[in-house]
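Listed below, chain by chain, are the residues.
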Amino acid sequence: MIAITINGKQREVAADPDMPLLWVIRDLLGLTGTKFGCGVAQCGACTVHLNGEAVRSCVTKVSRAAGQQVTTIEGLSKLNDHALQIAWAELDVPQCGYCQSGQLMSAAVLLRENPNPTDQDIDDAMSGNICRCGTYPRIRLAIHKAAELQREGAKS
Amino acid sequence: MIVLFMSSAVILSFKEEKSTFNYTALPKDSVASIAAFKQVYTVLMSARCMNCHPSGDIPLQGDDNHLHTMFPKRGVDGKGVYAMKCANCHQPTNTPGLHTPPGNPNWHLPPADMKMVFQGRTPRQLAKQIIDPKQNGHKDMQKLIAHADDGLVLSAWKPGEGRKLPPMSHAAFKKAWLTWLKTGAYAPAK
């Protein structure tokens, strides 16, 4: 059994240590918000946080996550009210939506490390998350909006 | 005199530092040293070494040294930025399969304040750069010698599926590296 803390809850999974974390998240724990895209860390759809970093769960073995903190899109906020989630809904960012949980998880790391990102910062942070619908302009706008919300929240 | 001056300028001597270095120097031999460095150079300029020593802030990728897809950036510490940190995709070990991220626990580029660029360097430029502690990550002779067995250096010879190996074995590379350093670390004329 491998113990991981996922979205704040301690879980034990009967998995081969080499099983991709994505398989554990989706198939063993039933958290299907994280998506399988390419399987080779090329698209970003499977991005989750491992100790706060935006790892690609399709190539991350569950053994790397043993005893560590994993956060998926389901755990980004308790009430779906992370500044990014609010901005995403307000600006209607998704089209098909498949890549969006990965986009949000990557954007969350950006905003945590840089509360006031420029367009270039956004490009640098988000260039590993592909959106086949091409929602990039709205993603960029929503990140700026979320940064604004976050700053306002910090003031109040 | 001019010839003498010029040839002495070519020689990269460790004379001043010798008292602090604890290594077995061989008799100085510019011919053997330069010949050894030319071998070293072929390894350093191979994709497995040069791809993480780019002239810009984006690593290179593949046997053809193209810019790394997704354009990950070096970052201050050489470990990437934001959601694009090296270790987000590069695991402690190679990921199985073609076109998957190679792995190493210490995967990174040189840091922003010490870029240690290989790409575009001539043999002479690279030799001089490598023995200059202000450009080589503050490595003295002992550390340069030890660097041949650095974990990330060694990983060039275990590059993951579908990637070309450096042009000689690690043993041959190490022999050339040590010969170059121990016979005087001379730089080729060009």
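Before reading further, recall that the structure is shown in the block above.
Residue numbers run consecutively from 1 along every chain, following the written order of its sequence. Labels are handed out in written order, letters beginning with A for the chains and numbers beginning with 1 for the ligands. Local features in this predicted model are restricted to residues of pLDDT 70 or higher, and side-chain atom pairs are both shown and tallied only at a pLDDT of 80 or more, whereas totals for entire chains, interfaces and linings draw on every residue.

(A) Structural view of the overall build of chain B. Helix numbering and strand numbering both begin at the N terminus, where a helix is a DSSP run of H or I of at least 4 residues and a strand a DSSP run of E of at least 2. Of the regular secondary structure elements, chain B holds 8 helices and 4 strands. Taken from N to C terminus, the helices and strands of chain B fall in the order α-α-α-β-β-β-β-α-α-α-α-α. Put simply, a residue is buried when 20 or more other C-beta atoms lie within 10 Å of its own C-beta and exposed when 12 or fewer do; between those, it is partly exposed, and each C-beta is set from the backbone. When each of the 190 residues of chain B is scored for burial, the buried share is 32%.

(B) Quick look at the overall build of chain A. A count of helices and strands for chain A gives 6 helices and 5 strands. Reading chain A from its N terminus to its C terminus gives the helix and strand order β-β-α-β-β-α-β-α-α-α-α. For 156 residues, the compact-globule estimate of 2.2 N^0.38 gives 15 Å, and chain A sits close to it at 15 Å. Two residues form a contact once the distance between their C-beta atoms, set from the backbone, is within 7 Å. Counting only contacts in chain A whose residues sit at least 6 apart along the sequence, the fraction spanning at least 24 positions is 61%. Two things to know: the radius of gyration comes from C-alpha atoms, and the globule rule equals 2.2 Å times the number of residues to the power 0.38.

(C) Region of interest: the environment of Pro188(B). Residues and elements named next belong to chain B. Inspection of the secondary structure puts Pro-188 in the segment after helix H8 (170-182). Taking the C-beta count within 10 Å as the criterion, Pro-188 has 19 such neighbours and is therefore assigned partly exposed. In this structure the C-alpha to C-alpha distance between Pro-188 and Leu-26, which are 162 residues apart in sequence, comes to 18 Å. If we skip the residues at most four places from it in the chain, Pro-188 touches Ile-34, Phe-37, Lys-38, Pro-123, Arg-124 and Ala-127.

(D) Spotlight on the environment of Ile58(B). Residue and element names in this part refer to chain B. Considering the arrangement of structural elements, one finds Ile-58 in the loop between helix H3 (47-50) and strand S1 (60-61). Classification of Ile-58 as partly exposed rests on a count of 17 C-beta atoms within 10 Å. For the pair formed by Ile-58 and Ala-156, sequence separation is 98 residues and the distance between their alpha carbons is 19 Å.

(E) Structural context of the sheet that holds strand S4 (residues 53-56) of chain A. Residue and element names in this part refer to chain A. Pairing in this open sheet of 5 strands is mixed, and the strands run S2-S1-S5-S3-S4 from one edge to the other. Across the chains shown, the open sheet's two edge strands, defined by having one partner strand only, are strand S2 (9-13) and S4. For this sheet, the mean angle separating the axes of adjacent strands, direction not counted, is 40°. Those strands touched by helix H4 (residues 100-113) are strand S3 (47-50) and S4, and its axis lies near 40° from that of S3. We call two strands paired when DSSP finds no fewer than two bridges between them. For helices, the axis comes from a line fit to the C-alpha atoms of the stretch in contact; other axes are also lines fit to C-alpha atoms, and the angle between any two N-to-C directions lies between 0 and 180 degrees.

(F) Representation of the interface of chain A and chain B in the model. With 20 residues of chain A at the contact, the number on the chain B side is 17 residues. Among the secondary structure elements, those contributing two or more residues to the side of chain A that touches chain B are S4, H4 and helix H5 (119-126) of chain A. Residue polarity follows a fixed list, in which Ala, Val, Leu, Ile, Met, Phe, Trp, Tyr, Cys and Pro are nonpolar, Asp, Glu, Lys and Arg are charged, and the others, Gly among them, are polar. Its residues placed into classes, the side of chain A that touches chain B shows 9 nonpolar, 5 polar and 6 charged.

(G) Region of interest: helix H5 (residues 123-130) of chain B. Residue and element names in this part refer to chain B. Those residues of H5 that fall on the buried side of the exposure criterion are Leu-126, Ala-127 and Ile-130. Buried residues of H5, seen end-on, are gathered within an arc of 100° and therefore sit on one face of the element. Among the structural elements, helix H2 (30-44) are those in contact with the buried residues of H5. Taking the helix axis as origin, the arc is that swept by the directions to the C-beta atoms.

(H) Highlighting H8(B). Residues and elements named next belong to chain B. The span one expects for a helix is its residue count, reduced by one, times 1.5 Å. The end-to-end C-alpha distance of H8 is 18 Å, a good match for the 18 Å that 13 residues give at a rise of 1.5 Å each. Looking at H8, one finds that the buried residues are Phe-173, Ala-176, Trp-177, Trp-180, Leu-181 and Lys-182. Buried residues belonging to H8 abut H2 and helix H6 (141-147). Gly-184 occupies a position one or two residues after H8 and carries a positive phi of about 125°.

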